[in-house]
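Residues per chain, in single letters:
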Amino acid sequence: QKEVEQDPGPLSVPEGAIVSLNCTYSNSAFQYFMWYRQYSRKGPELLMYTYSSGNKEDGRFTAQVDKSSKYISLFIRDSQPSDSATYLCAMSPWNAGNMLTFGGGTRLMVKP
Amino acid sequence: DVKVTQSSRYLVKRTGEKVFLECVQDMDHENMFWYRQDPGLGLRLIYFSYDVKMKEKGDIPEGYSVSREKKERFSLILESASTNQTSMYLCASSPSQGDTEAFFGQGTRLTVV
């Protein structure tokens with residue numbers, strides 16, 4: 001069993017929809033939870049990260065962490081075609097940039 | 001802006017060749033990492049380095065080695081390339097203090113034939 005599980009998709013939604021992306025994990029030592037966005041033929045770029053449990057909001061993006069359920073989510077409000085990308089969750093017991101364990105990525109397509 | 005630059009976007013090499021993938025970062029970061037990315041498997045850590053001349057094995061080091069002679073440069077070496085090393089290779093760097101997020105290069109797509 002992989003340490004971090006993520007539905008590969010693809011997930012196809014109409015423009016303006018609310019998107020929910022999720023990951024589950026098994027390692028209770030994870031303290032930092034990251035979401036990366038990766039456009040085709042590009043490297044991943046960090047969207048946001050959260051320490052421990054709770055919510056974090058940044059514009060149209062909200063990250064949620066539920067450590068008791070070992071479940072994290074990324075919500076995208078008012079989705080745009082420019083949000084079409086692969087979204088990768090990543091986790092670490094140390095900090096936001098070190099010893100990251102990644103999920104397999106979810107491919108999102110937002111149709112105009 | 002932090003920049004992590006990988007020397008090649010695309011490479012095609014023959015089985016058995018020695019392959020060098022180069023990565024340079026311009027933000028004086030202490031930590032540097034090499035990952036490979038395969039469909040459905042996400043990114044998997046090959047090797048990392050916390051300092052010059054220092055290296056540590058990640059989750060999948062077999063068939064790879066690394067070199068870090070200067071702080072800004074981290075090289076991944078495939079001693080004898082094999083077809084199962086065909087993949088996307090991503091380099092990343094992060095600082096050891098403060099806001100520690102990792103920054104990734106654009107990736108090198110390596111095909112071994």
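For the structure itself, consult the block above.
Residues numbered from 1 in each chain as written. Chains lettered and ligands numbered in written order. Predicted model: local features only at pLDDT ≥ 70, side-chain atom pairs only at ≥ 80, totals over all residues. Heavy atoms only, no water.

Regarding the sheet that holds strand 3 (residues 19–25) of chain B
Residues and elements named next belong to chain B.
Turning to step 1, where the next piece is worked out: One open sheet accounts for four strands, arranged 1-3-8-7; its pairing is antiparallel. Each edge of the sheet is formed by a strand with only one pairing partner; in this case those strands are strand 1 (4–6) and strand 7 (64–70). Between one strand and the next, the sheet's axes are offset by a mean angle of 20°, whatever the strand orientation.
Turning to step 2, where the next piece is worked out: The pairing of strand 1 with strand 3 spans three bridges and is classified as antiparallel. Residue pairing across strands places Gln-6 opposite Cys-23, the latter belonging to strand 3. (Pairing = 2+ DSSP bridges. Helix = DSSP H or I, 4+ residues; strand = E, 2+ residues; numbered from the N terminus. Axes fitted to C-alpha atoms, helices over the stretch in contact; angles between N-to-C directions.)

Description of the state of the cysteines
Turning to step 1, where the next piece is worked out: Taken as a whole and judged by the stated rule, the model has two disulfides over all chains.
Turning to step 2, where the next piece is worked out: Paired through a disulfide, Cys-23 of chain A and Cys-89 of chain A show a sulfur-sulfur distance of 2.0 Å. Disulfide Cys-23 of chain A-Cys-89 of chain A: the torsion about the S-S bond is -105°, which places it as left-handed. Pair noted here: Cys-23 of chain A is in strand 3 (residues 19–25) and Cys-89 of chain A is in strand 9 (residues 85–92), with a separation of 66 residues, a long-range link. Taken individually, Cys-23 of chain A and Cys-89 of chain A each receive the classification buried, so the pair is uniform in this respect.
Turning to step 3, where the next piece is worked out: Across a sulfur-sulfur distance of 1.9 Å, Cys-23 of chain B and Cys-91 of chain B are joined as a disulfide pair. (Disulfide = S-S within 2.5 Å. Buried < 20%, exposed > 50% of the residue type's maximum accessible area, 1.4 Å probe, protein only.)

Observations regarding the nonpolar core
Residues and elements named next belong to chain A.
Turning to step 1, where the next piece is worked out: Grouped together as the largest cluster of nonpolar side chains are 24 residues, with contacts concentrated most on Trp-35, Ile-72, Leu-74, Tyr-87 and Met-91.
Turning to step 2, where the next piece is worked out: Elements that contribute at least two residues to this core include exactly strand 3, strand 4 (32–38), strand 5 (45–51), strand 7 (61–66), strand 8 (71–76), strand 9 and strand 11 (106–111).
Turning to step 3, where the next piece is worked out: The contacts of Met-91, once residues within four sequence positions are left out, are Val-4, Cys-23, Tyr-25, Phe-30, Tyr-32, Phe-33, Met-34, Ile-72, Met-99, Leu-100 and Thr-101. (Core = buried A, V, L, I, M, F, W, Y, C linked by side-chain atoms within 4.5 Å. Contact = heavy atoms within 4.5 Å.)

Comments concerning the pairing of strand 5 (residues 42–49) of chain B
Residues and elements named next belong to chain B.
Turning to step 1, where the next piece is worked out: Burial within strand 5 is extensive, with seven of its eight residues counted as buried.
Turning to step 2, where the next piece is worked out: Where strand 4 (residues 31–38) and strand 5 come together, seven bridges link them in antiparallel fashion. Bridging across to strand 5, Met-32 finds its partner in Ser-49.
Turning to step 3, where the next piece is worked out: Between strand 4 and strand 5, which pair antiparallel one after the other, the connecting turn spans three residues, and Gly-40 there sits at a positive phi close to 80°.
Turning to step 4, where the next piece is worked out: Both strand 5 and strand 6 (residues 56–57) contribute to a ladder of two bridges, which runs antiparallel. What sits directly across from Phe-48, in strand 6, is Glu-56.
Turning to step 5, where the next piece is worked out: In sequence, strand 5 turns back onto strand 6 through a hairpin of six residues, with Lys-53 there showing a positive phi of about 65°.

A short note on the sheet that holds strand 7 of chain A
The strands making up a sheet are joined through hydrogen bonds of the backbone, oriented either antiparallel or parallel.
All names here are of chain A.
Turning to step 1, where the next piece is worked out: Ordered by their spatial adjacency, five strands build an open sheet running 1-3-8-7-6, and the pairing between neighbours is antiparallel. On the outer flanks of this sheet lie strand 1 (4–6) and strand 6 (54–58), each paired with one strand and no other. On average, each strand axis in the sheet is inclined to that of its neighbour by 15°, with strand direction left out of account.
Turning to step 2, where the next piece is worked out: Examined bridge by bridge, strand 3 and strand 8 share six bridges and lie antiparallel to one another. Along strand 8, the bridge assignment pairs Asn-22 with Ser-73.

Details of the pattern of salt bridges
Residues and elements named next belong to chain B.
Turning to step 1, where the next piece is worked out: Tallying each qualifying case throughout the model produces nine salt bridges over all chains.
Turning to step 2, where the next piece is worked out: Put simply, Lys-71 and Asp-28 hold a salt bridge, and the shortest N to O gap is 3.1 Å. Separated by 43 residues along the polypeptide, Lys-71 in the loop between strand 7 and strand 8 (73–78) and Asp-28 in the loop between strand 3 and strand 4 bring together distant segments of the chain.
Turning to step 3, where the next piece is worked out: The partner of Glu-30 in a salt bridge is Lys-71, with the nearest N and O atoms 3.8 Å apart. (Salt bridge = Lys/Arg side-chain N within 4 Å of Asp/Glu carboxyl O.)

Brief notes about unusual backbone geometry
Residue and element names in this part refer to chain A.
Turning to step 1, where the next piece is worked out: Pro-10 follows Gly-9 through a cis peptide bond whose omega is 10°.
Turning to step 2, where the next piece is worked out: Structurally, Pro-10 can be placed in the loop between strand 1 and strand 2 (11–14).
Turning to step 3, where the next piece is worked out: Of note, the phi angle at Arg-41 is positive, near 65°, even though the residue is not glycine.
Turning to step 4, where the next piece is worked out: Note that Arg-41 resides in the loop between strand 4 and strand 5.

With respect to the interface of chain B and chain A
Turning to step 1, where the next piece is worked out: With 22 residues of chain B at the interface, the matching set in chain A holds 19 residues.
Turning to step 2, where the next piece is worked out: Contact with chain A buries area across many residues of chain B, yet Leu-43, Thr-100 and Phe-104 of chain B alone supply 25% of it, more than any other trio.
Turning to step 3, where the next piece is worked out: Here chain B and chain A share zero salt bridges between them.
Turning to step 4, where the next piece is worked out: Inspection of the chain B/chain A interface yields three residue pairs in polar contact (both at pLDDT 80 or more).
Turning to step 5, where the next piece is worked out: Elements supplying a minimum of two residues to the side of chain B that touches chain A: strand 4, strand 5 and strand 9 (87–94) of chain B.
Turning to step 6, where the next piece is worked out: Across the side of chain B that touches chain A, the residue classes break down as 11 nonpolar, eight polar and three charged. (Buried area = accessible area lost by both parts, 1.4 Å probe. Polar contact = N/O pair within 3.5 Å; in protein donor to acceptor, adjacent residues only side chain to side chain. Nonpolar A, V, L, I, M, F, W, Y, C, P; charged D, E, K, R; others polar.)

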